[in-house]
Amino acid sequence: MSAAPGLERPQVVSHAQQALNYTVFDCKWVPRSARLLCLGSAARGTGLVQLYELRGARLELLREIEKPKPIKCGTFGATSLQQRYLATGDFDGNLNIWNLEAPEIPVYSVKGHKEIINSIDGVGGLGIGEGAPEIVTGSRDGTVKVWDPRQKDTPVANMEPVQGESKRDCWTVAFGNAYNQEERVVCAGYDNGDIKLFDLKTMSLRWETNIKNGVCSVEFDRKDINMNKLVATSLEGKFHVFDMRTQHPTKGFASVSEKAQKSTIWQVRHLPQNRDIFMTSGGSGSLHIWKYEYPAQRSKKDSEGAEMGVAGSVSLLQNVTLSTQPISSLDWSPDKKGLCVCGAFDQTVRVLIVTKLNKI
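Reading guide: rules and limits
Every chain begins its residue count from 1, and numbering advances along the sequence as written. Per-residue local features of the predicted model are confined to residues with pLDDT of at least 70, and side-chain atom pairs are confined, for both listing and counting, to 80 or more; whole-chain, interface and lining totals are unaffected and use all residues. Values shown for side chains rest on all heavy atoms present in the structure; no hydrogens or waters enter the calculation. UniProt positions are given in the numbering used here, feature names are shortened, and annotations may be inferred rather than shown by experiment. Relative accessibility thresholds used throughout: buried, under 20% of the residue-type maximum; exposed, over 50%; partly exposed, between the two (1.4 Å probe, protein chains only). Counting from the N terminus, the helices are the DSSP runs of H or I reaching at least four residues and the strands are the DSSP runs of E reaching at least two. Two strands are said to pair when DSSP picks up at least two bridges between them. Comment: axis = line fitted to C-alpha atoms, over the contacting stretch for helices; angle = value between 0 and 180 degrees taken between N-to-C directions. Note on contacts: a residue pair qualifies if any of its non-hydrogen atoms lie within 4.5 Å across the two residues. Pairs of N or O atoms within 3.5 Å make up the polar contacts considered here, provided that, within protein, one atom can donate a hydrogen while the other can accept it, and that residues adjacent in sequence are counted only when both atoms are side-chain atoms.

Per an unreviewed UniProt entry, the recorded name for the protein is Dynein axonemal assembly factor 10, and the organism is Tachuris rubrigastra. Listed in UniProt under the heading Subcellular location (unreviewed entry), the comment for the protein reads: "Dynein axonemal particle". Per UniProt, the protein has the following entry under Function (unreviewed entry): "Key assembly factor specifically required for the stability of axonemal dynein heavy chains in cytoplasm."

Shown next, in the form of C-alpha cells:
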C-alpha cells in the first residue's frame, strides 16, 4: 500500500497495556477523564466491570465490580456529563444503568430481551444529539428496542420481525440523525447481512439492504447531524461506506465497499474530532485507519430526474497488528484527539496514541 503523495501517515503507538484474567467484550473511555472501563465475562460465568486510570504509561485498577451475568456491551451515550452513568447489556437480556460511584444496585434495570444483548448505543446525553436521552439494544432474539431511562419497563420503540418473517440475530445497533428534538434513526445489522434503518419519528422502516455477510458493526460518522455517512463492517473482511445524504426512491443510498483484510472486521469507530477518519479492528488482531474522500459532487439526477447519491472513495492511512487474537472492541477518547483503547481476545486491553491526525 502506498500513501497518498504529500500525506503524512499517522503512526500508531502502543502507550500502555494491561493483561486481564477474563474475556473482555467491550471497553469505553469515561468522558472527561483519564479513565477507562473494561466489560466482560469471568471464567466462572459472572460479569465483570473494571475501572482503570491511565497514569503515565501504565493502567492502574481503581475498582472491580462483579455482576451475576457476563456483560457484553456498554455505553455512556444517554447520560449527562455530570452523571456519567454507564448503561450495559448482558448475556441474560438485561439492560442495566449503573452509577459507577455506587455500583452495588443499578439506577435503572429492565429485562429487555429474551436472549443476549449483543449491542447497545446511547444518544441525547453527553451533549451529543438533540432530544430525549435514549438507549437502543439489539439482541439475539431478533428484536431492536429503544428505551427512555425515565420510563420504566416498557421500550418506547420495538422493532421486531413481522409475522411469518424468521428472526435474525441482531449483532449491532447505532443511533443517527439526532440533530433536532424530533428527528432520530436507528440502524441495525444482522447475522444474515441485513441492514435496516428505522425512523423513530415516523416509527417505520425507512430503508433496508443486504451486504451478503453478517454485519458486525455499524456506526454513523456523527449522531448529532443530518445523516451524512454510515459505515457497516462484515464477517468476511469487507466494509461498506454509505452516503446517507441522498436517498434514491428505488436504489437507496450510494455506497463504496473495501476489502480490508481476510478476516472479520469486528468494529468501526469514527474519530470524534474528524468524522472522515475511522478505524476498523480485525479478527487477525490488526487495526486499520481509513480516510473517506468525498466525490466532486455528492448527488446527481438519474434518467427520470430523481436525485441519487454519489459514493466517494476510501484510502488506507495506516495499519498495525497488535495481537494474535481478534480485537473485538474499540473506543476513541472523546476528549483527547488520537487517544484510543482496544480490547482483544488475548485478554489484553491496550491504550494507543495515534499521531499526526491533525495533518491529514
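This part takes up the pairing of strand β10 (residues 117-123). Along β10, 7 of the 7 residues are buried, which leaves the element largely enclosed by surrounding structure. Sheet topology places β10 next to strand β11 (residues 134-139); 6 bridges connect them, and they run antiparallel. Note that in β11 the partner of D121 across the bridge is V136.

Pairing is antiparallel across the open sheet formed by 4 strands, whose spatial order is β14-β15-β16-β17. In the strand order of this sheet, the two ends are held by β14 (170-176) and β17 (204-210), each with one partner. Ignoring which end each strand starts from, the neighbouring axes of this sheet average 20° apart. As judged from the 5 bridges shared by strand β15 (residues 185-190) and strand β16 (residues 194-199), these two strands associate in the antiparallel manner. Paired with A188 across the two strands is K196, which belongs to β16.

Here we come to the environment of Q267. Position of Q267 relative to the elements: it lies in strand β22 (residues 265-271). Under the relative-accessibility criterion, Q267 is labelled buried at 12%. Once residues within four sequence positions are removed from consideration, Q267 is found in contact with S217, T233, M279, T280, S281, S328, S329 and L330. A distance of 3.5 Å separates a polar atom in the side chain of Q267 from the backbone nitrogen of L330.

Phi at D153 is positive, roughly 70°, even though this residue is not glycine. In this model, K356 sits at a positive phi of 65°, which is unusual for a non-glycine residue. With respect to the secondary-structure elements, K356 resides in the segment after β30 (348-354). The exposure class assigned to K356 is partly exposed, which follows from its relative accessible area of 32%.

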